[in-house]
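Each chain, letter by letter, is given below.
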Amino acid sequence: MKKSLSFIYAMSLFSILSCNPDPGEGISYIYDVQPIFNSNCIDCHSKGGSANLNLTQFSSTTNDSSNNAPIIIAGFPNQSLLIEKIALPNPSIGAAMPINRLRLSDDNILIIDTWIYKGAKDN
Ligand code: HEC
């Protein structure tokens, strides 16, 4: 499991570095990451949804207390459960996300991965 995550991560970094001299600098939580959650996640991940984790805003996304472990480790997408659950078909905890729906596009996974890599900031 660890191996495949590092592989995905290495590939992600490779594709950013190969076309952008300042990798991930322009990625914003509010303009890039939140819209992905809005379109794919918040019907379950909001107040009153089927899941405890609330992905409707920065504070609840980054201060999740629904599990014992944090889902985002700033700077380390390959150790973040959030990335594991959207990138791998069989994550170590629970189901792959979004449950029973099409996997996010590689571009969208890369945006979230890069946002975490750049420090998971409220920008
Ligand atoms: C159809 C409902 C549904 C959708 C859509 C959905 N989720 Fe989930 N999610 C759940 C449920 C139920 C759980 C708890 C069970 C589990 O972890 O498998 C969960 C758990 C999670 C967890 C683990 C939370 C924790 O604290 O353990 C993460 C991270 C997550 N989802 C991210 C996402 C993301 C990102 C999306 C959108 C790309 C998404 N989910 C879309 C229902 C959904």
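Please refer to the structure placed before this passage.
Residues numbered from 1 in each chain as written. Predicted model: local features only at pLDDT ≥ 70, side-chain atom pairs only at ≥ 80, totals over all residues.

Undergrad: Tell me about the site of the ligand, and please be specific about residues and values.
TA: Taken together, 24 residues sit near the ligand, with Cys41, Cys44, Asn67, Gly94 and Pro98 positioned nearest. The dominant element in the shell around the ligand, judged by the number of residues it contributes, is helix H4 (residues 81–87), at four residues. Residue classes in the shell around the ligand are distributed as 14 nonpolar, six polar and four charged. (Near = placed C-beta within 6 Å. Helix = DSSP H or I, 4+ residues; strand = E, 2+ residues; numbered from the N terminus. Nonpolar A, V, L, I, M, F, W, Y, C, P; charged D, E, K, R; others polar.)

Undergrad: Provide a residue-level description of helix H2 (residues 29–40), including the pertinent values.
TA: End to end, H2 covers 15 Å across 12 residues, agreeing with the expected 16 Å (1.5 Å per residue, within 8%). Taken together, the buried positions of H2 are occupied by Val33, Phe37 and Asn40. In an axial view of H2, the angular spread of the buried residues amounts to 90°, which keeps them on one side of the axis. Away from the buried face of H2 by more than 90 degrees, exposed residues Ile30, Tyr31, Pro35 and Ser39 are located. Packing partners of the buried residues in H2 comprise helix H5 (106–117). (Expected span 1.5 Å × (residues − 1). Buried ≥ 20, exposed ≤ 12 C-beta atoms within 10 Å, placed from the backbone. Arc of directions from axis to C-beta. Contact = placed C-beta atoms within 7 Å.)

Undergrad: So what's going on with H5? Residues and values would help.
TA: Along its 12 residues, H5 runs 16 Å from first to last C-alpha, staying within 8% of the 16 Å computed at 1.5 Å per residue. Along H5, the residues that are buried comprise Leu110, Ile112, Asp113, Thr114, Trp115, Ile116 and Tyr117. Phi turns positive, to about 110°, at Gly119, one or two residues after H5.

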